Amino acid sequence: MNIAIFSPSQNPYSETFIQAHKNDLKGNVFYYYGSKSFIQLEGSERLVSEWETFRFRIKRKLKKYSFSYVNEESVMVSLKKNKIDVVLVEYGPHAHNLLRILKTVDIPFVVHFHGYDASMRDTIKKHCNYKAVFASAKKVVAVSKVMEAKLLTLGCPKEKLIYNVYGPQKVFESVVPKFLKKQFVGIGRFTDKKAPYYTIMAFKEVIKKHPDAKLLLAGDGVLMNVCVNLVQHYGLERHVEFLGVITPEAYRDLLKESLAFVQHSITATSGDMEGTPLAVLEASVAGLPVIATYHAGIPDVIEHGKTGLLSDEHDVEGMAVNMFRVLEDVSLAKSLGQAGKKHILEHYNLEKHINNLQSILECANK
């Protein structure tokens, strides 16, 4: 089976799930990346020959077509040349923008939603509630139960919608936490829906009883300066460390030496929500307890009191209490972590996610 994957950008650092799709799906995978007017094929210098490009440019000028015409026509020729059987489009807005191409080539396609694309009100409205996407797609993939319900509300036919949670990279399975440090770790973009300032506010309460505890936050984003200022305001400079963007290897090292993973996800005022955070899955399969919130796909994969500790969104006090629990009972932290590793391995491993996606694509191709 020849599979074309369309992604808005090439190999984004924070989207390892797309790299897993590209690398692990069975068949010949062609990875197309870029916006509607400038799509490229990974591993290829050009989509079509110079002559074909010249021909499309002449036609665009004569017919006064839009600027994107040349690239769109080139993509369609490339898809036919590569004898693509089925297309996987990452993100709902990208599918909406590619509809002319997808409908013209008449190749079955599957749309994979990931988070913001199924929750941000302005994004959904801008893309007409995805009505045209739902009508044309063979299948639609959701990565959380909340997202599944949202897409149904927007009008996605139930028979087209499939729930398929991500799986963490297998290398995280080999992590063995030592639970030797009073250290919490969080990783992710500093954005509204991840609300890192709430994690800091909860940790401020922890320091009152455990002045030797530490909080390590990795990542970057628009709220970084806000969080740095908050740490300075509370006088937590010796206790909270900002690591910036780190590698997966560095993240695994942090998981080995930390007590728990922390993330206070919330629904942003824009409606933006998580899908199922990959960092949560990675921490859990590494054997670390997850301290987070009842948000989006988190309670789908983390069982409160069994594999982690969850509090309500905006409940800073509740999160602080959960941080106290693992600090004051390391045996609890260990048991939660061990149960989490087992739970993720059995129900949410990467192989299962890829196999399900493979079946979805094969079904779409029938």
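Residues numbered from 1 in each chain as written. Predicted model: local features only at pLDDT ≥ 70, side-chain atom pairs only at ≥ 80, totals over all residues. Heavy atoms only, no water.

## What about the sheet that holds strand β9 (residues 214-218)?
Taken in spatial order, the six strands line up as β10-β9-β8-β11-β12-β13 in an open sheet, and their pairing is parallel. Edge positions in the sheet fall to β10 (240-244) and β13 (308-311), since each has one partner strand and no second. Sheet twist, expressed as the mean angle between neighbouring strand axes with direction ignored, is 25°. By the bridge criterion, five bridges tie strand β8 (residues 183-187) to β9 in an arrangement that is parallel. Within the sheet, the bridge partner assigned to F184 lies in β9 and is L215. Packing against the sheet, helix α11 (residues 248-257) makes contact with β8, β9, β10 and β11 (260-262), and its axis sits at approximately 150° to β8. (Pairing = 2+ DSSP bridges. Helix = DSSP H or I, 4+ residues; strand = E, 2+ residues; numbered from the N terminus. Axes fitted to C-alpha atoms, helices over the stretch in contact; angles between N-to-C directions. Contact = heavy atoms within 4.5 Å.)

## With respect to the packing of helix α9 (residues 196-209) against helix α14 (residues 316-327)
In the contact formed by α9 and α14, the axes pass within 8 Å of each other and the chain directions differ by 50°. In terms of orientation, α9 lies oblique with respect to α14. Here α9 and α14 pass one another in a crossing that is right-handed. The segment α9 lies against α14, with Y198, T199, M201, A202, F203, E205, V206 and K209 engaging V316, M319, A320, M323, F324 and L327. Residues that form the contact of α9 with α14 fall into these classes: eleven nonpolar, one polar and two charged. (Parallel < 35°, antiparallel > 145°, perpendicular 65-115°, else oblique. Left-handed = near helix turned anticlockwise from the far one by under 90°. Nonpolar A, V, L, I, M, F, W, Y, C, P; charged D, E, K, R; others polar.)

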